[in-house]
Amino acid sequence: MKKAEASRTNSFVELVLIVAVALGLALGIQAFLVKPYRIPSESMVPTLAIGQRVLVNRIGNNFGDPAIGDVTVFHPPTGAENDVQCGARRQPNQPCPKPTPGKADVNFIKRIVAGPGDTLAIEDGHVVRNGKRQSEPFIEPCGGGPECNLTTPITIPKDHYFMMGDNRGASDDSRFWGPIPRDWIIGNAFATYWPPKRIGLL
């Protein structure tokens, strides 16, 4: 009996250790390597739908600069989560050239459309980067609102990136609260895993 009881105790301890190690690995992977993220709004339609889930690479930007076209999770500037705020005065029909100084606690997901040193304007919802209208077959038409035509260009500051949703008429993005510093970027979304019919790479 004593041997049997000792065996059961050892098995229980082993099970607890396995669960603890597995949980630790899962938390470590999520904290430092890959993090799941749920799409909260329609701003990335048609690329990503509300409720869709993606995997975010948290370490990729440590080995290279973010790239134009990356779908990226990041912290917006303070105030962006509540209403439209720009950190600088802007001319009529101009995108916001500068964010507010503070970093918000919330996470947003958008696409990088311009980087440090680029000039940027918006025409009919399309990005005009360095004087050239970009080919963006992935976007939803803008719809003609004032945010669709911001034709007075800005220059993206050093180490900053300009973010826009693919749903150009329904996205609260850098047009309103400015480009964001690189160190506010959490990581790039590289795959979608839910719902099953939309599993794939981004």
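Located above this text is the structure these notes cover.
Residues numbered from 1 in each chain as written. Predicted model: local features only at pLDDT ≥ 70, side-chain atom pairs only at ≥ 80, totals over all residues. Heavy atoms only, no water.

**Brief notes about the sheet that holds strand β8 (residues 150–155)**
Reading across the sheet, the four strands line up as β7-β6-β5-β8 and stay open at both edges, with antiparallel pairing between neighbours. Each of the sheet's edge strands pairs with one partner strand only, and the pair in question is β7 (132–133) and β8. Across three bridges, strand β5 (residues 119–123) lies against β8 in antiparallel orientation. Counted as the bridge partner of Ile-122 is Leu-150 from β8. (Pairing = 2+ DSSP bridges. Helix = DSSP H or I, 4+ residues; strand = E, 2+ residues; numbered from the N terminus.)

**Observations concerning empty space enclosed by the protein**
In the structure shown here, the tally under the stated rule is one cavity of 30 Å³ or more. Quantified by volume, the largest cavity comes out at close to 40 Å³. Around the largest cavity, the lining residues are Lys-35, Pro-36, Tyr-37, Val-56, Val-73, Asn-107 and Ile-186. Here the lining of the largest cavity gets three residues from one element, more than from any other, and that element is strand β1 (residues 34–38). (1 Å grid on protein atoms, 1.4 Å probe; cavity = no way out; pocket = protein on both sides within 12 Å on 5 of 7 lines; lining within 4 Å. Points joined across faces, edges and corners; volume = space filled by probe spheres on them.)

**Digging into the state of the cysteines**
A covalent bond bridging the sulfur atoms of two cysteines is what the word disulfide describes. Under the criterion given, the structure shown has two disulfides. Between the sulfur of Cys-86 and that of Cys-96 lies a disulfide, 2.0 Å long from S to S. The sign of the 90° torsion about the S-S bond sets the Cys-86-Cys-96 disulfide as right-handed. Of this pair, Cys-86 sits in the loop between β3 (71–74) and β4 (108–114) while Cys-96 is found in the loop between β3 and β4, placing the two residues ten residues apart along the sequence. Sequential numbering of the bridged cysteines in the protein chain gives the disulfide pattern 1-2, 3-4. (Disulfide = S-S within 2.5 Å.)

**Concerning the pattern of salt bridges**
Two side chains that carry opposite charge are able to pair once their charged atoms sit near each other. Applying the stated criterion across every chain yields a total of five salt bridges. A salt bridge links Asp-166 to Arg-111; the nearest nitrogen and oxygen atoms lie 2.7 Å apart. With Asp-166 in the loop between β9 (160–164) and α2 (174–177) and Arg-111 in strand β4, this residue pair connects regions lying 55 residues apart in the sequence. Residue Asp-173 is joined to Arg-175 by a salt bridge in which the shortest nitrogen-to-oxygen separation is 2.8 Å. Its relative accessible area of 0% is what places Asp-173 among the buried residues. On the basis of relative accessible area, Arg-175 is assigned to the buried category, the value being 0%. (Salt bridge = Lys/Arg side-chain N within 4 Å of Asp/Glu carboxyl O. Buried < 20%, exposed > 50% of the residue type's maximum accessible area, 1.4 Å probe, protein only.)

Limitation: the analysis is restricted to geometry and does not speak to function.
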